[in-house]
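# Remarks on the overall topology
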Amino acid sequence: MTLVRWNPWQDINTLQRQITRVFDEDMLTPTFVETNLSRIPAAELQETENAIHLKLELPGIEAKDLDVQVTEKAVYVSAERKSETKTEDKGIIKSEFQYGKFERVIPLPTRIQNTNVTADYKDGILHLTLPKAEEEKNKVVKVNLASVA
């Protein structure tokens, strides 16, 4: 029977080679990108005294293709970014653009008046102004302090 010494550095080198291979550019096939990268747009939420301001990044999507629905507690946005079909005789096309459908539900920190929402869509940025419900604007909570006996 042969005695083999264990070398922990060899295992680390093997793991490093495997990780490098996974992240190698040749491994990023369109199928890998489509299945593993999300198409969820970035959002920015700002709360003021009277309203909540929501901005969403939606580059390459026309306003007519957006579906925006607002409830008292959340905003639902969905759309589809359609790919442009090009045919070329020569060369290779490499695209990192993400195409396809997406949907996102953004919960709101307070209740809003969903019947008075205003929207503005310019340069791929959707701005929503969500006025707070009246009872949420001046909401004061009284804290009772009970003495400990």
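Residues numbered from 1 in each chain as written. Predicted model: local features only at pLDDT ≥ 70, side-chain atom pairs only at ≥ 80, totals over all residues. Heavy atoms only, no water.

### Structural notes on the nonpolar core
One finds L54, L56, L58, V75 and L130 to be the most contacted residues of the largest nonpolar core, which totals 16 residues. Secondary structure elements with two or more residues in this core: strand 2 (51-57), strand 4 (74-81), strand 5 (100-107) and strand 7 (125-131). If we ignore the near neighbours within four places in the chain, the residues touching V75 are L54, V68, Q69, V70, R104, V105, I106, L108, L128 and L130. (Core = buried A, V, L, I, M, F, W, Y, C linked by side-chain atoms within 4.5 Å. Buried < 20%, exposed > 50% of the residue type's maximum accessible area, 1.4 Å probe, protein only. Helix = DSSP H or I, 4+ residues; strand = E, 2+ residues; numbered from the N terminus. Contact = heavy atoms within 4.5 Å.)

### With respect to the pattern of salt bridges
When the charged atoms of two side chains lie near each other, side chains of opposite charge can form a pair. Per the stated rule, a full pass over the model turns up five salt bridges. A salt bridge links E62 to K64, with the shortest nitrogen-to-oxygen separation between them at 3.9 Å. On the basis of relative accessible area, E62 is assigned to the partly exposed category, the value being 48%. One connected set of salt bridges, linked through shared partners, spans E62, K64 and D65. (Salt bridge = Lys/Arg side-chain N within 4 Å of Asp/Glu carboxyl O.)

### Regarding the pairing of strand 2
Strand direction decides the pairing type here: strand 1 (residues 43-47) and strand 2, joined by five bridges, are antiparallel. Along strand 2, the bridge assignment pairs Q46 with H53. Hairpin connection between strand 1 and strand 2: a loop of three residues separates the two successive antiparallel strands. Where strand 2 and strand 7 come together, seven bridges link them in antiparallel fashion. Looking at the pairing, L56 lines up with L126 of strand 7. (Pairing = 2+ DSSP bridges.)

### Here we look at the sheet that holds strand 5
The strand order across the open sheet built from three strands is 3-4-5, with neighbouring strands paired in antiparallel fashion. Edge strands, defined here as strands with exactly one partner in the open sheet, are strand 3 (67-70) and strand 5. In this sheet, neighbouring strand axes are inclined to one another by 10° on average, regardless of whether the strands run parallel or antiparallel. Here eight bridges tie strand 4 to strand 5, and the two strands are oriented antiparallel to one another. (Axes fitted to C-alpha atoms, helices over the stretch in contact; angles between N-to-C directions.)

### Section: the environment of P59
On the secondary structure map, P59 appears in the loop between strand 2 and strand 3. As a C-alpha pair, P59 and K122 span 63 residues in sequence and 9.8 Å in three-dimensional space. If we ignore the near neighbours within four places in the chain, the residues touching P59 are R81 and G124.

### Overview of the confidence of the model for the chain
Averaged over every residue, the pLDDT of the chain is 79; the share at 70 or more is 77%. The low-confidence segment residues 31-37 (pLDDT under 50) makes five contacts with residues lying over four places distant or belonging to another chain. (pLDDT = per-residue confidence, 0-100.)

### Structural notes on the sheet that holds strand 1
Across the sheet, which stays open at both edges, the four strands sit in the order 1-2-7-6 with antiparallel pairing between neighbours. Strands at the two margins of the open sheet, each flanked by one partner only, are strand 1 and strand 6 (118-122). Along the sheet, successive strands turn relative to each other by an average axial angle of 15°, direction set aside.

### Looking at the environment of H53
Among the secondary structure elements, H53 is positioned in strand 2. A sequence separation of 77 residues divides H53 from L130, and the C-alpha atoms of the two residues are 6.2 Å apart. Setting aside anything within four residues of it in sequence, one finds H53 in contact with E44, L45, Q46, T48, L128 and T129.

### Thoughts on unusual backbone geometry
Backbone phi values are negative for most residues with the exception of glycine, while trans is the configuration of most peptide bonds. One non-glycine residue with positive phi stands out, namely D123, at about 55°. Along the chain, D123 turns up in the loop between strand 6 and strand 7. By relative accessible area, which is 73% here, D123 ends up exposed.

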